[in-house]
Amino acid sequence: MFKDTKAFSGFSADDIPAAKRFYGETLGIEVSEENGMLTLQLSGDRPTLIYPKPNHQPADFTILNFPVADIDRAVDQLIERGVELERYPGMEQDERGVLRAGGPPIAWFKDPAGNVLAVLQQD
């Protein structure tokens, strides 16, 4: 039934202007705005919708993963742009917040609405 549709993902935020600044300026993603909603123009033709929700509850799981070639460089750039990395009890993250065991190196951070995002190294 949906085999040939171009499905897309979406998530909510409680402050669309703050989300637009964060995703557009801080992360450098192309962002468009229409009807009070944002569309992230992610590489690979993967548009992602951000819609306003006044009673927004942040996702407590990773909603977007950003694959990178060099996790340390990406973490440096995030920190330089004022992004704080998340630390989770029981996870063996290094002093910078990167988990390097059990899979690809990965670090988590949040958007202004509190949604969890991740940057992970892929070769």
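Structure first, text after, so check above.
Below is a short write-up of the structure. The model shown is predicted, which means the values in this text are computed figures rather than measured ones.

Analysis parameters
- Residues numbered from 1 in each chain as written.
- Predicted model: local features only at pLDDT ≥ 70, side-chain atom pairs only at ≥ 80, totals over all residues.
- Heavy atoms only, no water.
- Salt bridge = Lys/Arg side-chain N within 4 Å of Asp/Glu carboxyl O.
- Helix = DSSP H or I, 4+ residues; strand = E, 2+ residues; numbered from the N terminus.
- Buried < 20%, exposed > 50% of the residue type's maximum accessible area, 1.4 Å probe, protein only.
- Arc of directions from axis to C-beta.
- Contact = heavy atoms within 4.5 Å.
- Polar contact = N/O pair within 3.5 Å; in protein donor to acceptor, adjacent residues only side chain to side chain.

**Regarding the pattern of salt bridges**
Under the counting rule described, the total for this entry stands at 7 salt bridges. One salt bridge in this structure joins Arg 100 and Asp 72, with 2.5 Å as the shortest N-O distance. Here Arg 100, found in the loop between helix 2 (71–80) and strand 6 (106–110), pairs with Asp 72, found in helix 2; they are 28 residues apart in sequence, far enough to count as distant. Classification of Arg 100 by relative accessible area gives partly exposed; the value is 38%.

**So, helix 2**
Ile 71, Ala 74, Val 75 and Leu 78 are the residues of helix 2 that are buried. When helix 2 is viewed along its axis, its buried side chains cluster within an angular range of 100° and face the same direction. Within helix 2, the exposed residues directed more than 90 degrees away from the buried face are Arg 73 and Glu 80. Against the buried residues of helix 2 lie strand 5 (62–68), strand 6 and strand 7 (116–121). At the N-terminal end of helix 2, a side-chain oxygen is found 3.0 Å from the backbone nitrogen of Asp 72, two or three residues along, and the residue is Asp 70. Directly after helix 2, the chain includes Gly 82, whose backbone phi takes a positive value near 85°.

**Side note on unusual backbone geometry**
Non-glycine residue Asn 35 carries a positive phi angle of around 55°. Relative to the helices and strands, Asn 35 is located in the loop between strand 2 (30–34) and strand 3 (37–42).

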